[in-house]
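So you can see what is in the structure, the chains are spelled out below.
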Amino acid sequence: MTIRALARPSEADPQAIEELRVRAYELLPDGFEELEQDGRLQVVAYAESAEGLPDELGPWTVEQVEDDWADRWREFHHGRTIAGRLFVGPPWEQPPAGIPAVVIDPGRAFGTGGHPTTLASLELLASLPPGGPLLDLGCGSGVLSIAALRLGFDPVLACDVDPVCIEVT
């Protein structure tokens, strides 16, 4: 597989950034990840091949990155403690003592717990009193469902239409 990285300075016009997102959805239907690093917004995409991708998307530069993405992405996946009540992280990091852990190694499934909406959901879960049911629709890697179980919610039901997500969860 090939990784493509599309980058633009973060001070770019918000309309231009939104237009790139729309274009990226068209060109990269298997998905992409947005990262902000060193003052730049980057869109990192995983594609079967670079065929059909232009060298530039307006002011965004497209560059091919090494094919070892299947292992290299792990350099960027780090754990974090949520509201002092829960650790969400990869299996290669040691959780803090005494805090329940959600160990996520998503592989090809969506979700490591680092996306802003997932973080907000995790913080909300950690702020609620334990107990009660939870339904996780579009569970991805299962991070929210597993976190809910670790925090004492019961029963928890996780659903997804992607067989990879179901397997990973």
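Residues numbered from 1 in each chain as written. Predicted model: local features only at pLDDT ≥ 70, side-chain atom pairs only at ≥ 80, totals over all residues. Heavy atoms only, no water.

Trainee: Would you take a moment to explain the overall build of the protein for this structure?
Mentor: Across its full length, the protein holds five helices and ten strands. When burial is assessed residue by residue, the protein has 36% of its 169 residues classed as buried. Within the protein, contacts between residues at least 6 apart in sequence are counted, and of these 51% link residues at least 24 apart. For the protein, the accessible surface area stands at approximately 9900 Å², while carbon and sulfur atoms represent 53% of it. (Helix = DSSP H or I, 4+ residues; strand = E, 2+ residues; numbered from the N terminus. Buried < 20%, exposed > 50% of the residue type's maximum accessible area, 1.4 Å probe, protein only. Contact = heavy atoms within 4.5 Å. Areas by Shrake-Rupley, 256 points an atom, 1.4 Å probe, with all protein chains shown as cover.)

Trainee: What exactly am I supposed to notice about unusual backbone geometry here?
Mentor: Excluding glycine, residues mostly have negative phi values, and the peptide bonds linking residues are mostly trans. Between Asp-154 and the following residue, Pro-155, the backbone shows a cis peptide bond with an omega angle of 0°. Residue position: Pro-155 is located in the loop between helix H4 (143-150) and strand S10 (156-159).

Trainee: Hey, could you run me through the pairing of strand S7 (residues 86-89) in this one?
Mentor: If a strand is regular, its side chains alternate between the two faces of the sheet. Residues Leu-86 and Val-88 point to one face of S7 and Phe-87 and Gly-89 to the other, with burial holding for every one of them. As paired elements, strand S6 (residues 80-82) and S7 share three bridges and run antiparallel to each other. Bridge pairing in S7 places Ile-82 opposite Leu-86. From the end of S6 to the start of S7, which pair antiparallel, there are three residues, and Ala-83 there has a positive phi angle of about 55°. (Pairing = 2+ DSSP bridges.)

Trainee: Looking at this structure, I do not really get a nonpolar patch on the surface. What am I missing?
Mentor: Taken together, the side chains of Leu-135, Leu-137 and Leu-157 define a hydrophobic patch exposed on the protein surface, amounting to about 320 Å² of accessible area. As for its placement among the helices and strands, Leu-135 is situated in strand S9 (residues 134-137). By relative accessible area, which is 51% here, Leu-135 ends up exposed. (Patch = residues over 30% accessible without salt bridge, like charges linked within 9 Å, V, L, I, M, F, W, Y side chains within 5 Å. Salt bridge = Lys/Arg side-chain N within 4 Å of Asp/Glu carboxyl O.)

Trainee: Would you take a moment to explain the pairing of S9 for this structure?
Mentor: Burial along S9 is one-sided: the residues Leu-134 and Asp-136 are buried and none of Leu-135 and Leu-137 is. Pairing geometry for S9 and S10, over four bridges, is parallel. The partner of Leu-134 across the bridge, within S10, is Val-156. Note on the crossover from S9 through H4 to S10: the handedness is right-handed. (Right-handed = clockwise from strand over helix to strand, strands pointing away.)

Trainee: Any chance you could explain the confidence of the model for the protein here in plain terms?
Mentor: Close reading of the predicted structure is inappropriate where its pLDDT is low. When pLDDT is averaged along the protein, the result is 76; 61% of the residues meet or exceed 70. Mean pLDDT per element in the protein: strand S1 (residues 2-9) is the minimum at 48, and S10 is the maximum at 95. With pLDDT under 50 throughout, residues 1-5 is counted as low confidence; its partners more than four residues away or in other chains account for 35 contacts. (pLDDT = per-residue confidence, 0-100.)

Trainee: I would appreciate a short explanation of the nonpolar core in the present structure.
Mentor: Residues Ile-82, Leu-86, Val-88, Val-102, Leu-122, Leu-125 and Leu-151 are the most contacted members of the largest nonpolar core, which totals 15 residues. Within the residue set of this core, elements represented by two or more residues are S7, helix H3 (116-127) and H4. When residues of this core are assigned to their parent elements, the largest contribution, four residues, is made by H3. If we ignore the near neighbours within four places in the chain, the residues touching Leu-122 are Ile-82, Leu-86, Val-88, Gly-113, Val-143, Leu-144 and Ala-147. (Core = buried A, V, L, I, M, F, W, Y, C linked by side-chain atoms within 4.5 Å.)

Trainee: How should I be thinking about the environment of Val-143 in this particular structure?
Mentor: Tracing the backbone shows Val-143 in helix H4. Judged by relative accessible area, which is 4%, Val-143 ranks as buried. In this structure the C-alpha to C-alpha distance between Val-143 and Ile-104, which are 39 residues apart in sequence, comes to 6.8 Å.

Trainee: How do you make sense of the state of the cysteines when you look at a structure like this?
Mentor: Each disulfide consists of one covalent bond between the sulfur atoms belonging to two cysteines. Scanning all chains against the criterion turns up zero disulfides. Of the cysteine sulfurs around Cys-159, a residue in no disulfide, the closest is that of Cys-139, at 7.1 Å. Its sulfur unpaired, Cys-165 is 6.2 Å from the next cysteine sulfur, which belongs to Cys-139. With relative accessibility at 5%, the residue Cys-165 sits in the buried group. (Disulfide = S-S within 2.5 Å.)

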